[in-house]
Amino acid sequence: MVVAIGGNALIPDGSRSSAADQLHSAGVIMGHVANLISAGHQAIVVHGNGPQVGFTLLRSELSRAQVPEVPLDTGVAETQGAIGYNLQQALGNHLRRRRLPVRVASVLTQVVVDPDDPAFLIPTKPIGPFYSKEQARQRRERDGWDVMEDSNRGWRRVVPSPAPIDIIELDAIKGLLAQGWSIICVGGGGIPVVRDSHGDLLGKAAVIDKDFASSLLARELKADVFMLVTAVEQVYLHFGTPRQQALRQINLEHLKRYIAEGHFKPGSMLPKMKSVEAYLEGGGQEAIVTNIESVEKSVAGTAGTRIIP
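If you're wondering where the values come from, they're calculated on a predicted model, not measured in any experiment.

**Focus on the packing of aromatic side chains**
Following the criterion strictly, the structure yields three aromatic pairs and no others. Consider the rings of Tyr131 and Trp145, whose centres lie 5.8 Å apart with planes at 65°: the pair is edge-to-face. Within this pair, whereas Tyr131 is found in strand 5 (residues 125–131), its partner Trp145 is found in the loop between helix 4 (133–143) and strand 6 (146–149), the two being separated by 14 residues in sequence. Accessibility classification places Tyr131 together with Trp145 in one group, the buried group. One residue, Arg156, lies across the ring of Phe130, its end atom 4.9 Å from the ring centre. Against the face of Phe120 rests Lys204, its NZ or CZ located 5.2 Å from the ring centre.

Structure (structure tokens):
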């Protein structure tokens with residue numbers, strides 16, 4: 001099963017964000033993944049990295065008078081390495097304590113996007129720290145950034161969020177899976193790259209949606225289960241209103257109708273539901289949406305939302 005975990009899961013309340021705090025959270029999260037492996041599942045873990053990339057860019061911003069700034073694609077790579085390290089160490093420790101002979105590896109993963117993707121024409125994904133209007137203007141003029149005001153909290157850099165079309169290290173991931181490894185890969189949606197006219201790979205200043213990249217990975221691996229771990233235990237219709245209704249199990253036809261009716265918010269549940277739609281239409285058999293505390297119960301069918309063809 002492909003298990004996609006949000007980057008905010010490592011910083012659950014927004015305040016405990018130190019390296020030690022995130023390592024502790026990794027231990028809690030990977031305890032649940034270890035339970036799945038103990039039950040006989042082979043787990044491929046994908047993680048988000050939104051807060052962590054923000055930290056990397058802020059550090060770069062604060063130190064740019066002393067050292068060169070970090071390009072966004074490099075920042076994604078750095079967070080893949082750091083978060084992957086935490087998760088693979090935590091999962092490996094859990095498996096060792098249970099005397100399970102499963103090895104764990106993180107794969108630094110590049111994901112190809114189309115340079116002609118319309119998303120490059122309309123950057124919409126806020127990243128990094130907040131700036132004053134004047135600071136944002138200066139970065140736009142000096143560095144060519146796209147900037148926008150973010151929820152009246154200040155100005156931020158915005159970058160494109162193109163669709164993933166290919167996973168460069170897919171064969172390496174398949175090879176490790178065939179040998180029984182548990183894999184952590186496609187972190188943060190993958191390092192965004194494009195191919196130039198010669199076929200060479202080049203990094204791009206973009207952010208790939210982790211849910212869409214996870215869905216692509218699940219389809220390519222023909223995963224039996226695609227699990228999206230988020231902040232809520234179930235998917236809801238009319239979320240946050242007196243008419244709120246939990247969904248225990250639905251099929252693809254229901255899902256498409258609920259998407260069309262606008263039940264899911266962009267930037268929240270909508271990308272998850274669209275990624276599930278793509279997975280099921282690509283031949284997937286079962287998707288689960290739940291929170292980390294309910295992972296085991298969801299697989300057993302007593303919690304979460306199950307979506308089938």
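From this point, the narrative continues.
**Description of the layout of surface pockets**
The space that makes up the second largest pocket amounts to roughly 220 Å³. Along its surface, the second largest pocket is lined by Ser17, Ala19, Gln22, Gln52, Phe55, Thr56, Arg59, Glu78, Thr79, Ala82, Ile83 and Asn86. Of all the secondary-structure elements, those providing two or more residues to the lining of the second largest pocket are helix 1 (19–38), helix 2 (50–62) and helix 3 (72–97). Tallying contributions element by element places helix 3 first for the lining of the second largest pocket, with five residues. Among the residues forming the lining of the second largest pocket, the class breakdown is four nonpolar, six polar and two charged.

**A word on the environment of Gln42**
Within the element layout of this structure, Gln42 appears in the loop between helix 1 and strand 2 (44–47). The residues touching Gln42, leaving out its near neighbours within four places in the chain, are Met1, Leu177, Gly180 and Trp181. Polar side-chain contacts of Gln42 include one of 3.2 Å to the backbone oxygen of Trp181.

**Section: the pattern of salt bridges**
Using the criterion set out here, one finds 17 salt bridges in the structure. Here Glu61 makes a salt bridge to Arg64, at a shortest N to O gap of 3.5 Å. For Arg139, the salt bridge identified is with Glu61, shortest N-O distance 2.8 Å. Of this pair, Arg139 sits in helix 4 while Glu61 sits in helix 2, and the two are 78 residues apart along the sequence. Judged by its relative accessible area of 4%, Arg139 falls in the buried class. For Glu61, a relative accessible area of 15% gives the class buried.

**Regarding the pairing of strand 12 (residues 226–230)**
Counting buried positions along strand 12 yields four of five residues, so the element is predominantly enclosed. The pairing of strand 1 (residues 2–5) with strand 12 spans four bridges and is parallel. Paired with Val3 across the two strands is Met227, which belongs to strand 12. Of the pairings in the sheet, the one linking strand 12 to strand 16 (residues 287–291) comprises five bridges and is parallel in character. Paired with Leu228 across the bridge in strand 16 is Val289.

The rules behind each value
- Residues numbered from 1 in each chain as written.
- Predicted model: local features only at pLDDT ≥ 70, side-chain atom pairs only at ≥ 80, totals over all residues.
- Heavy atoms only, no water.
- Phe/Tyr/Trp six-rings, centres within 6.5 Å; stacked < 30°, edge-to-face > 60°.
- Helix = DSSP H or I, 4+ residues; strand = E, 2+ residues; numbered from the N terminus.
- Buried < 20%, exposed > 50% of the residue type's maximum accessible area, 1.4 Å probe, protein only.
- Lys NZ or Arg CZ within 6 Å of the ring centre and 35° of its normal.
- 1 Å grid on protein atoms, 1.4 Å probe; cavity = no way out; pocket = protein on both sides within 12 Å on 5 of 7 lines; lining within 4 Å.
- Points joined across faces, edges and corners; volume = space filled by probe spheres on them.
- Nonpolar A, V, L, I, M, F, W, Y, C, P; charged D, E, K, R; others polar.
- Contact = heavy atoms within 4.5 Å.
- Polar contact = N/O pair within 3.5 Å; in protein donor to acceptor, adjacent residues only side chain to side chain.
- Salt bridge = Lys/Arg side-chain N within 4 Å of Asp/Glu carboxyl O.
- Pairing = 2+ DSSP bridges.

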